[in-house]
Amino acid sequence: GAVVSQHPSWVICKSGTSVKIECRSLDFQATTMFWYRQFPKQSLMLMATSNEGSKATYEQGVEKDKFLINHASLTLSTLTVTSAHPEDSSFYICSARRGDGNQPQHFGDGTRLSIL
Amino acid sequence: DQQVKQNSPSLSVQEGRISILNCDYTNSMFDYFLWYKKYPAEGPTFLISISSIKDKNEDGRFTVFLNKSAKHLSLHIVPSQPGDSAVYFCAASARVGNEKLTFGTGTRLTIIP
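Report on the accompanying structure. None of the values given here were measured: they were computed from a predicted structure.

Residue and element names in this part refer to chain B. Ordered in space as β1-β3-β8-β7-β6, the 5 strands form an open sheet in which the pairing is antiparallel. Each end of this open sheet is capped by a strand with a single partner; those strands are β1 (4–5) and β6 (56–59). Pairing analysis gives 6 bridges linking strand β3 (residues 19–25) to strand β8 (residues 72–77), with the strands arranged antiparallel. Each bridged residue has a counterpart across the sheet, and for Ser19 the counterpart in β8 is Ile77.

Next comes the structure, spelled out in structure tokens:
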């Protein structure tokens, strides 16, 4: 168990477009979901933490109005990159964790976002 | 400030031998540690974890060792198989930090047939 699905896996779009990425926990309820960004040859950098039914907590330096996060249910969180520009091109990965305490995060396969 | 460090960017091991991946951390509040395996263009796959109340956790071919006094953990894979070739990330979290994960920079493991 503990499967996380992320969609789409690849997006190419024009500058100024808004892009929505979905993250679903398929076989468990995720009280907390996380959004990461990974630049080439670097580690995963946490962007924000979202708990179902409440506002996301953003890491320092991450623009809330740029990266909109919605966690409407225990199995779905969405990240919307608003008015995307070339510098937003990156690999975005979500993860989900069931329950509280020491539980591993399970990751989706990521979304490669390319802004032209 | 890199709180979780993997000082070896790459490691090559002969098939059948033991692979040892190392990780050091600086934040004494970390109390839960994990290892993930990652292939290119995919999300990380959870391998094994350990709580700070333990010093060893084993799951099949994977064993994680934790040395709290040295702030060091290691992942042992034995015997190593070609399918183990991937990038391995260690990660740590602390209850007081909302349990968010801090990742190391990764070690690329190559198993030589």
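The structure having been displayed, the exposition proceeds.
Quick look at the pairing of strand β7 (residues 67–73) of chain A now. All names here are of chain A. Relative to strand β8 (residues 76–81), β7 runs antiparallel, the two being bridged by 5 bridges. Paired with Leu68 across the strands is Thr80, a residue of β8. Hairpin connection, β7 to β8: the antiparallel pair is bridged by 2 residues.

So, about the pairing of β8 of chain B. All names here are of chain B. Among the 6 residues of β8, 5 are classified as buried, and the element is accordingly described as predominantly covered. In the sheet, strand β7 (residues 62–67) pairs with β8 via 6 bridges, with the strands oriented antiparallel. Bridge pairing in β8 links Val64 to Leu75. With antiparallel pairing between neighbouring strands as the criterion, β7 and β8 make up a hairpin whose turn holds 4 residues, including Lys71 at a positive phi of roughly 50°.

Rules used in this analysis
- Residues numbered from 1 in each chain as written.
- Chains lettered and ligands numbered in written order.
- Predicted model: local features only at pLDDT ≥ 70, side-chain atom pairs only at ≥ 80, totals over all residues.
- Heavy atoms only, no water.
- Pairing = 2+ DSSP bridges.
- Helix = DSSP H or I, 4+ residues; strand = E, 2+ residues; numbered from the N terminus.
- Buried < 20%, exposed > 50% of the residue type's maximum accessible area, 1.4 Å probe, protein only.

As far as function goes, none of this settles anything; it's purely spatial.
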